[in-house]
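Take a look at the letters that make up each chain.
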Amino acid sequence: MHGRLTLTGLMAVACLALIAGFLVGPIHAQDATADWPTYNRDASRSAVSRPAWPGPDPRDFYNSPGVDNHDRLDLDTVFQLAAAGDSVWFGSSIEDSLKCLDAVTGKVQWLCTADGPVRFAPHVVGDRIYFASDDGCVYCVARADGALIWKYRAAPSDYQVPSDGKLVSLWPNRTGVIVRDGILYCGVGVFPSEGVYICALNADTGADSGPGLFRLRFTDVSLQGYVLASESKLYFPGGRSGPWVFERNTGKRLGQFGGGGGTYAVVTSDQSLIYGPGRNAAVLAEFDGTSRDHLASFPGARHIVVTPERSYIVARGELISFDRARYVKLTREMRGLEAKRKDLDKKSEEYAKLTEGINRAGHAQDDCFVWRVPCEYEDGLILAGDALIVGGSDTVAAFQASDGKAIWEQEVEGVAKGLAVAKGRLLVSTDASRIYCFE
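Residues numbered from 1 in each chain as written. Predicted model: local features only at pLDDT ≥ 70, side-chain atom pairs only at ≥ 80, totals over all residues. Heavy atoms only, no water.

## Details of the sheet that holds strand S19 (residues 183-188)
Now for step 1: Taken in spatial order, the 4 strands of this open sheet run S18-S19-S20-S21, and their pairing is antiparallel. Of all the strands in the sheet, just strand S18 (177-180) and strand S21 (214-218) have a single pairing partner and so form its edges. Neighbouring strand axes in the sheet, compared pairwise and without regard to direction, differ in orientation by 15 degrees on average.
Now for step 2: Alignment of S18 against S19, held across 4 bridges, turns out to be antiparallel. Note on S19: the bridge partner recorded for Val179 is Leu184. (Pairing = 2+ DSSP bridges. Helix = DSSP H or I, 4+ residues; strand = E, 2+ residues; numbered from the N terminus. Axes fitted to C-alpha atoms, helices over the stretch in contact; angles between N-to-C directions.)

## Observations concerning the nonpolar core
Now for step 1: Ranked by size, the top nonpolar core spans 28 residues in total, and within it Leu284, Phe298, Ile304, Ile313 and Phe322 carry the most contacts.
Now for step 2: When contributions to this core are tallied by element, the ones reaching two or more residues are strand S26 (264-267), strand S29 (294-299), strand S30 (301-306), strand S31 (311-315), strand S32 (318-322), helix H1 (324-341) and helix H2 (349-366).
Now for step 3: The greatest single-element share of this core, amounting to 5 residues, is contributed by H1. (Core = buried A, V, L, I, M, F, W, Y, C linked by side-chain atoms within 4.5 Å. Buried < 20%, exposed > 50% of the residue type's maximum accessible area, 1.4 Å probe, protein only.)

## Here we look at a negative patch on the surface
Now for step 1: On the surface, Glu376, Asp394, Glu409, Glu411 and Asp431 cluster together into a patch of negative charge.
Now for step 2: Note that Glu376 resides in the loop between strand S33 (369-374) and strand S34 (380-384).
Now for step 3: Judged by relative accessible area, Glu376 falls into the exposed class, the value being 66%. (Patch = residues over 30% accessible without salt bridge, like charges linked within 9 Å, V, L, I, M, F, W, Y side chains within 5 Å. Areas by Shrake-Rupley, 256 points an atom, 1.4 Å probe, with all protein chains shown as cover. Salt bridge = Lys/Arg side-chain N within 4 Å of Asp/Glu carboxyl O. Lys, Arg positive; Asp, Glu negative; His and termini not counted. Charge placed at Lys NZ, Arg CZ, Asp CG, Glu CD.)

## Some remarks on the side chain of Ser222
Now for step 1: Relative to the helices and strands, Ser222 is located in the loop between S21 and strand S22 (228-229).
Now for step 2: Taking the relative accessible area as the measure of exposure, Ser222 reaches 16% and is therefore buried.
Now for step 3: Of note is the side chain of Ser222, whose polar atom sits 2.9 Å from the backbone oxygen of Val190.
Now for step 4: Excluding its chain neighbours within four sequence positions, the residues that come into contact with Ser222 are Val190, Pro192, Pro237, Gly238 and Trp244. (Polar contact = N/O pair within 3.5 Å; in protein donor to acceptor, adjacent residues only side chain to side chain. Contact = heavy atoms within 4.5 Å.)

## Quick look at the packing of H1 against H2
Helix-helix packing: each pair is described by the crossing angle between the helix axes and the interaxial distance.
Now for step 1: Contact pair H1 / H2: the axes reach a minimum separation of 9 Å and the direction vectors enclose 165 degrees. Our classification of the angle between H1 and H2 gives roughly antiparallel. The way H1 lies across H2 gives a crossing that is left-handed. Side by side, H1 and H2 meet where Arg326, Tyr327, Leu330, Thr331, Glu333, Met334, Leu337, Glu338, Lys340 and Arg341 of the first sit next to Tyr351, Leu354, Thr355, Gly357, Ile358, Ala361, Gly362, Ala364 and Gln365 of the second.
Now for step 2: Here the contact of H1 with H2 is built from residues that sort into 9 nonpolar, 5 polar and 5 charged. (Parallel < 35°, antiparallel > 145°, perpendicular 65-115°, else oblique. Left-handed = near helix turned anticlockwise from the far one by under 90°. Nonpolar A, V, L, I, M, F, W, Y, C, P; charged D, E, K, R; others polar.)

## Quick notes on the packing of aromatic side chains
Now for step 1: A full pass over the atoms with the stated rule returns 18 aromatic pairs.
Now for step 2: Look at Tyr130 and Trp150: their rings are 6.2 Å apart centre to centre, the planes differ by 50 degrees, and that puts the pair in the tilted class. Of this pair, Tyr130 sits in strand S13 (residues 128-132) while Trp150 sits in strand S15 (residues 148-153), and the two are 20 residues apart along the sequence. The residues Tyr130 and Trp150 share a single accessibility class, namely buried.
Now for step 3: Clustering of aromatic rings is evident, with ring pairs tying together Tyr235, Phe257, Tyr275 and Phe287.
Now for step 4: Sitting over the ring of Phe369, Arg372 keeps its end group 4.7 Å from the ring centre. (Phe/Tyr/Trp six-rings, centres within 6.5 Å; stacked < 30°, edge-to-face > 60°. Lys NZ or Arg CZ within 6 Å of the ring centre and 35° of its normal.)

It is worth stressing that arrangement in space is one thing and function is another; only the former is reported here.
Below you can see the structure in the form of structure tokens.
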């Protein structure tokens, strides 16, 4: 099978070979030569966005019987990938393992088996790879051959329960892992009544005692979604409820964000937290990472890429470039004016003056949008060099970040929900259990 596509002026042939049940072949993305060591690339989960467990009830007949629901628990419908050098890694919930592929040939280099499903992408740090499993354990293995370096049981015991035809820990890992400044962070457990644990482990040894290290139990939280780390805080998406925030150095719980939950989240460079898709609507909400104040909403958005200059979202059939900082500033201004006029007489001069200011700020928000182009693909979004790469049903495509001009489009099998770019290669994973590598 062959396909031809253009990446920012470069022509490349995508050779797709069927290997061990996956489609893998050699793509070449301009200025995208760095590694992609974990899901969404880094501890802020900043470079890629996508939603696992699809198919929510079509309606919430108790709260909102007239409104369609959207997926909020979206964790493992595709193999989320990590890539460094000429290797690609992904976890398998079917084979209970972490698998390493040769990025050029697609051949399996090695496989490391756990005692339960591995639902989340690993984190590659130097010559080591870190991942966690539904067996309640965290693993550190050698990058070269998958040999075990250390194993840590984050669960309080080896007690198991049946799940999807398998036996898994009563405290499964549903947060993935992230390593920052030599410390690994993760969580295990989903049932508050049984206890949920968050851990900070020495990445070299797996120890949980020492400065900045801990293993703490909570009985009123549920953690579901990739953990994120900022300079001083840890964020754990809450699935059907808002994310929880903890002090990074101590594990002290600082509170919970409002909103409608979701398992997708991004920490911005100015330490805001954007997450969603929310309750009963596809909405990404942005909150101040310190005060947890709601800053802005992005209706219809499922994915966002944030850079200091421009931000990008896919929403309601459009790919959009906009000035997020100005948009948030104007939203704050409008809310301040709305609060001031709340108790005023609608016929008063002051009310009219404030309304005029609100309208002026609203019109100014329209100017925040740099460009908008039609885009039917909304299942994945990353920025690689000057190309925005989007995934959708049976398709992956690229648009020019500067003006939204379509660059190329390529067919794949299944919905392209997992996207990563490393060492000049585009890696695409779909819900048809396919992994594509384009060079």
